[in-house]
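# Overview (structure and organization)
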Amino acid sequence: NSGVVGLLKPLLLDVIPSIRQTTALALGRLADNDAELADAIVEKRILPQLIRSLPEESRYYKKATAFVLRAVAKHSPQLAQAVVECGALEMLVICLEDFDPGVKEGATWAFGYIARHNPELSQAVVDAGAVPLLVLCIQEPEIALKRIAASTLSDISKHSPELAQTVVDAGAIAHLVQMISNPDAKLKRQVLSALSQIAKHSVDLAELVVEAEIFPVVLTCLKDSDENVKKNGATLIREIAKHTPELSQLTVNSGGVAAVVDCIGSCKGTVRLPGIMTLGYVAAHSEDLSMAVIVSKGIPPLCVCLLEEQEDHIKAAAAWALGQIGRHTAEHARHVAVANVLPTLLDIFVDTRSSEDLKTKATLKNILQKCTYLPALEPLLHEAPPSIMKHIIGQFSKVLPHDSKARRLFVTSGGLKKVQEIKAEAGSLLQEYIHTINNCYPEEIVR
């Protein structure tokens, strides 16, 4: 309101370099804290004036200018577009070629804040020729510069396969993979994030990441003391395993599934999420891969997540993963049922506080349609709503006609009595199942 931006503008033309530099710094701090002030800087056409003589200016002025550009661009795609339109990208590329690491770092930050908004802005960064220079920045000795360059490559790659391909074509993967074993946690986070954003788009890109030999080094990240390194490491494994049975098999063979199982057991909250999803994706591909998850002791930690976690979306992921493990054959379903997870899933399903997504994932249908392990199904008879009941009764109607021991137990446990209490619509599938069960017994027992 005090018109401070208008007062600062003429100072950018001052003959004394330190005044120009301090003015740029003040503008950067104003824009950084407030989107309206960033808007005012654009409207008063300060950006063209700021970058006009940038190549001749001192490194201090270049750093301050890069800070202003980043501070304006971070607020919205519209403001980032204004930065692009004033010709700032060409000037930032000049800064990336500067010998001073601080100037390079400032320019890299600015590119990251522009590219992260959307594919069009990211493409503008690519078209300005920034990517090869960013790949050179990740090879510089300064840790801070490596971090922000990896982060910016991640922001460029995330939008589309084509943008990720430009990062790959500049030779980024090999240099990123080398840094997975770097002791600096913040750098590892960014490197793992960049590799995940490349691998997520397609089988070809995921295979390029795998061929750079991320296994077994990426597994050490799942034991890292930094929670975000763990999370990003598990995310990278998820983005690879999800594509094909072959990539999932490679993950299993490299010890990836066992490492992910340990990781889920050793952390809490959202850090668990990518690991949970990895187990679901691997198990979904085939019977053998699902069995590999079971053999790696993947079911108990997923059950723990259902009981311990407060957030619905984490519970939903665990329920989904258990469904993917149990949906293949009777043996797979039995492994899930024996873990005593079905009553927990049922409680979640009938709980009015559960979100719609969580209820959808916890339907039990996938597992029930394959489960022939009756001791796990019987407790559900007393609690299940009609939508689930028909699947439970359906499984009894399949097993009881062929299993005399199960028939005896079904009477003594009170299961048969419970079935007689169910009100089924005439001609419905549920009624058919009940008839099949009743036909297994003499009439006087049914009565």
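Residues numbered from 1 in each chain as written. Predicted model: local features only at pLDDT ≥ 70, side-chain atom pairs only at ≥ 80, totals over all residues. Heavy atoms only, no water.

Per an unreviewed UniProt entry, the protein chain goes by SPAG6 protein and derives from Helopsaltes ochotensis.

Applying the stated rule across the entire model yields three aromatic pairs. Relative to Tyr113, the ring of Trp109 has its centre 5.9 Å away and its plane inclined at 15°; by these criteria the two rings are stacked. With Trp109 and Tyr113 both in helix H8 (residues 101-115) and four residues apart, the pair spans about one turn of that helix. Judged by relative accessible area, which is 16%, Tyr113 ranks as buried. Measuring from centroid to centroid gives 5.4 Å for Tyr281 and Trp320, while their planes differ by 75°, and the two rings are edge-to-face. Of this pair, Tyr281 sits in helix H20 (residues 273-285) while Trp320 sits in helix H23 (residues 312-326), and the two are 39 residues apart along the sequence. (Phe/Tyr/Trp six-rings, centres within 6.5 Å; stacked < 30°, edge-to-face > 60°. Helix = DSSP H or I, 4+ residues; strand = E, 2+ residues; numbered from the N terminus. Buried < 20%, exposed > 50% of the residue type's maximum accessible area, 1.4 Å probe, protein only.)

In this section: the pattern of salt bridges. With the rule as written, the count across this model stands at 19 salt bridges. Two residues, Arg59 and Asp100, come together in a salt bridge whose shortest N-O distance is 2.9 Å. In this pair, Arg59 is assigned in helix H5 (residues 59-73) and Asp100 in the loop between helix H7 (88-96) and H8, connecting sequence segments 41 residues apart. Among the residues examined, Arg59 registers a relative accessible area of 37% and is labelled partly exposed. Across the salt bridge formed by Glu239 and Lys242, the nearest N and O atoms sit 2.8 Å from each other. Owing to a relative accessible area of 25%, Lys242 belongs among the partly exposed residues under this scheme. Overlapping salt bridges bring together Lys268, Arg272, Glu308 and Glu309 as one network. (Salt bridge = Lys/Arg side-chain N within 4 Å of Asp/Glu carboxyl O.)

Our focus in this paragraph is the domain arrangement of the protein chain. Each assigned domain of the protein chain is listed with its residue range as follows: domain 1 (230-371) and domain 2 (373-446). Here domain 1 and domain 2 have C-alpha centroids that lie 29 Å from each other. Here domain 1 packs against domain 2, burying approximately 1,200 Å² in sum over the two surfaces, 75% of which is carbon and sulfur. Taken as a group, Leu346, Leu368 and Cys371 account for 44% of the area that domain 1 buries against domain 2, more than any other trio of residues on that side. (Domains from an automatic or database assignment. Buried area = accessible area lost by both parts, 1.4 Å probe.)

Let's shift gears to the state of the cysteines. Taken as a whole and judged by the stated rule, the model has zero disulfides. Unpaired in this structure, Cys303 has its nearest cysteine sulfur neighbour in Cys305, at a distance of 9.0 Å. The class of Cys303 is buried, set by a relative accessible area of 10%. (Disulfide = S-S within 2.5 Å.)

With that settled, consider the side chain of His328. Topologically, His328 is positioned in the loop between H23 and helix H24 (330-338). Look at His328 and you get buried, because its relative accessible area is 14%. Engagement of the side chain of His328 in a polar contact is seen with the backbone oxygen of Ala283, the distance being 2.7 Å. Leaving out residues up to four positions away in the same chain, His328 has contacts with Ala283, Ala284, Ser286, Glu287, Ser290 and Lys370. (Polar contact = N/O pair within 3.5 Å; in protein donor to acceptor, adjacent residues only side chain to side chain. Contact = heavy atoms within 4.5 Å.)

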